[in-house]
Amino acid sequence: MLNQQSRSLKSGRGFTLIELLVVIAIIAVLMSLLLPAVQQAREAARRTQCKNSLKQLGLAIHNYHDTHLRLPPACMGYNQYGWGVMLLPHLDQANLYNNIAATPGCSYYSPTPGCIPATGFGAYFWTLKVPNGLNIGLPIFRCASDTGSSNIAIDPSGDPDDLAGPDNDSDDLPLSRTNYIAVWGSDSAANGNRPSNGAFPWFTNWPDIPSRSFRDVTDGLTNTLFIGERRSLGTQQGASIGSDDTWVGVGNDPNDVGGSCQSVCLMNATGKFSDDAFSSRHVGGVQFLLGDGSVRFVSENINTQTYANLAAISDGFVIGEF
């Protein structure tokens, strides 16, 4: 009987405090080892999703070129629409595109009475009754790793309430964000010192969009950057990085639709030229769509001259490894 009671007491014995602390310590060590691996796996998945979005944009660009025998403009001048709008029919967004194209407006923007009637892309954006949908996020234009808000409040260029005094923000528009930006190039010969030797000239007026096409890319589509990432506006080591951009393209600054690969605004640049540079939340570089439809992760430590050469369509330089 005593032996049975002794065995019963032993079988009911709990953990000692030391044993409990050892178990907790083991769990903590395992968690510290597993969490970074989980975070890396999640980032790898987001990076793959970002890559797939760029591939879909590349397919849309090729379909656009097949239809129009030219590339879309980066920005249609004073009309202020960006290349993203032009691609909508090739991104299963034909209804949204047709809605914009049919919206009445004026051919110019003026604080004084009077309006020369125009429609859609021939009208100045800020004179339109803004079509529904431009504030709805389109996932194809977002990097999964980016943490910026879905919408950006954009203020009209030449807004009368700006000219008269402080902006009252009554006519700011919530437009959908993008993290993908067209490549202007890497020189600074024209267009207000913005590059003009890339695949997407930034300043053109509807309907006089440029005739730039694949045949103009004499350096080869596999050696030419077309679209790259730009992260949402933030700070890094006390300096600004990234920008707030929309796929609609409108805004006070054409940087909203394009970027350059000059030495003054290298990848993940901070400070003065960060809104002109390509940047991302992926560690160590930026994903780019090349002209042949492939997507490459380009290191932020890439040779400066190689980076500039990749942004030009016909400089004749031989591209090394990147």
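Values in this document were obtained by computation on a predicted structure and should not be read as measured data.

Procedures and definitions
Residues numbered from 1 in each chain as written. Predicted model: local features only at pLDDT ≥ 70, side-chain atom pairs only at ≥ 80, totals over all residues. Heavy atoms only, no water. Helix = DSSP H or I, 4+ residues; strand = E, 2+ residues; numbered from the N terminus. Buried < 20%, exposed > 50% of the residue type's maximum accessible area, 1.4 Å probe, protein only. Contact = heavy atoms within 4.5 Å. Areas by Shrake-Rupley, 256 points an atom, 1.4 Å probe, with all protein chains shown as cover. Pairing = 2+ DSSP bridges. Axes fitted to C-alpha atoms, helices over the stretch in contact; angles between N-to-C directions. Arc of directions from axis to C-beta. Salt bridge = Lys/Arg side-chain N within 4 Å of Asp/Glu carboxyl O. Disulfide = S-S within 2.5 Å. Phe/Tyr/Trp six-rings, centres within 6.5 Å; stacked < 30°, edge-to-face > 60°. Lys NZ or Arg CZ within 6 Å of the ring centre and 35° of its normal.

1. Details of the overall build of the protein chain
Here is step 1: Broken down by element type, the protein chain carries six helices and twelve strands.
Here is step 2: The proportion of buried residues among the 322 residues of the protein chain is 45%.
Here is step 3: A separation of at least 24 residues holds for 64% of the contacts in the protein chain among residues at least 6 apart in sequence.
Here is step 4: With the model as given, the accessible surface of the protein chain reaches about 15,900 Å², and the carbon-plus-sulfur share is 55%.

2. Describing the sheet that holds strand S12 (residues 295-299)
Here is step 1: With respect to topology, five strands assemble into an open sheet ordered S10-S5-S6-S11-S12, the strand pairing being mixed. Looking at which strands have only one partner, the edges of the open sheet turn out to be strand S10 (258-260) and S12. Here the strands of the sheet are splayed against their neighbours by 40° on average, with no regard to which way each runs.
Here is step 2: In this structure, strand S6 (residues 225-229) lies alongside strand S11 (residues 285-290), joined through three bridges in antiparallel fashion. Within S11, the position partnered with Gly228 by the bridge is Phe288.
Here is step 3: Its contacts with the sheet put helix H6 (residues 304-311) on strand S5 (180-185), S6, S10 and S11, and the angle it makes with S6 is roughly 115°.

3. Looking at the environment of Leu225
Here is step 1: Turning to its location among the elements, Leu225 is positioned in strand S6.
Here is step 2: Given a relative accessible area of 0%, Leu225 falls into the buried group.
Here is step 3: Spatially, the C-alpha atoms of Leu225 and Asp292 are 9.4 Å apart, while their sequence positions differ by 67 residues.
Here is step 4: For Leu225, the contacting residues outside a window of four places in its chain are Val183, Cys261, Phe288, Leu289, Leu290, Tyr307, Leu310 and Ala311.

4. Examining helix H4 (residues 94-101)
Here is step 1: Residues of H4 that are buried include every one of Leu96, Tyr97 and Ile100, and no others. Down the axis of H4, the buried side of the element spans an arc of 100°, and every buried residue falls inside it.
Here is step 2: Residues of H4 that are buried make contact with helix H3 (83-86).

5. Here we look at the pattern of salt bridges
Once the charged atoms of two side chains with opposite charge are near each other, the side chains can pair.
Here is step 1: One pass over the full model with this rule turns up five salt bridges.
Here is step 2: Across the pair Arg281 and Asp146 runs a salt bridge, and its minimum N-O distance is 3.9 Å. Of this pair, Arg281 sits in the loop between S10 and S11 while Asp146 sits in the loop between strand S2 (117-119) and strand S3 (151-154), and the two are 135 residues apart along the sequence.
Here is step 3: Arg281 gets classed as partly exposed once you look at its relative accessible area, which sits at 33%.
Here is step 4: A salt bridge links Arg177 to Asp244, with the nearest nitrogen and oxygen atoms 2.8 Å apart. Of the two residues, Arg177 is situated in strand S4 (residues 173-178) and Asp244 in the loop between strand S8 (239-241) and strand S9 (245-246); the sequence distance between them amounts to 67 residues.
Here is step 5: The network of salt bridges with shared partners includes Arg142, Asp146 and Arg281.

6. Quick notes on the sheet that holds S9
Here is step 1: The strand order across the open sheet formed by three strands is S3-S4-S9, and the pairing between neighbours is antiparallel. Of all the strands in the sheet, the pair left with one neighbour each is S3 and S9.

7. So, the pairing of S11
Here is step 1: Most of S11 sits out of view: six of its six residues are buried.
Here is step 2: Judged from the five bridges that link them, S11 and S12 form a sheet pairing that is antiparallel. Residue pairing in the sheet places Phe288 in a bridge with Arg296 of S12.
Here is step 3: Between S11 and S12, which follow one another and run antiparallel, lie four residues, and Gly293 among them has a positive phi close to 95°.

8. Considering the state of the cysteines
Each disulfide is one covalent bond, formed between the sulfur atoms of two cysteines.
Here is step 1: Following the criterion strictly, the structure yields one disulfide and no others.
Here is step 2: With no disulfide partner, Cys50 has as its closest neighbouring cysteine sulfur the one in Cys143, 3.7 Å distant.
Here is step 3: You can call Cys50 buried: its relative accessible area is 0%.
Here is step 4: Look at Cys143 and you get buried, because its relative accessible area is 5%.

9. Looking at the environment of Ser279
Here is step 1: Turning to its location among the elements, Ser279 is positioned in the loop between S10 and S11.
Here is step 2: In this structure the C-alpha to C-alpha distance between Ser279 and Leu266, which are 13 residues apart in sequence, comes to 8.7 Å.
Here is step 3: Contact partners of Ser279, with chain neighbours within four places excluded, come to Glu229, Arg230, Arg231, Ile241, Gly242, Asn268 and Val286.

10. A closer look at the packing of aromatic side chains
Any pair of aromatic rings gets described here by the distance separating the centres and the angle formed by the planes.
Here is step 1: Tallied over the entire structure, the rule returns eight aromatic pairs.
Here is step 2: For the ring pair Phe141 and Trp247, a centre distance of 5.6 Å and an interplane angle of 10° mean the geometry is stacked. Taken together, the residues span a long stretch of sequence, with Phe141 in the loop between S2 and S3 and Trp247 in the loop between S9 and S10 at a distance of 106 residues.
Here is step 3: Overall, Trp247 belongs to the buried group, its relative accessible area being 3%.
Here is step 4: Clustering of aromatic rings is evident, with ring pairs tying together Tyr81, Tyr97 and Phe121.
Here is step 5: Its guanidinium or amino end placed over the ring of Phe297, Arg47 lies 3.8 Å from that ring's centre, counting from NZ or CZ.
Here is step 6: Taking NZ or CZ as reference, Arg296 lies 4.1 Å from the ring centre of Phe322, over its face.

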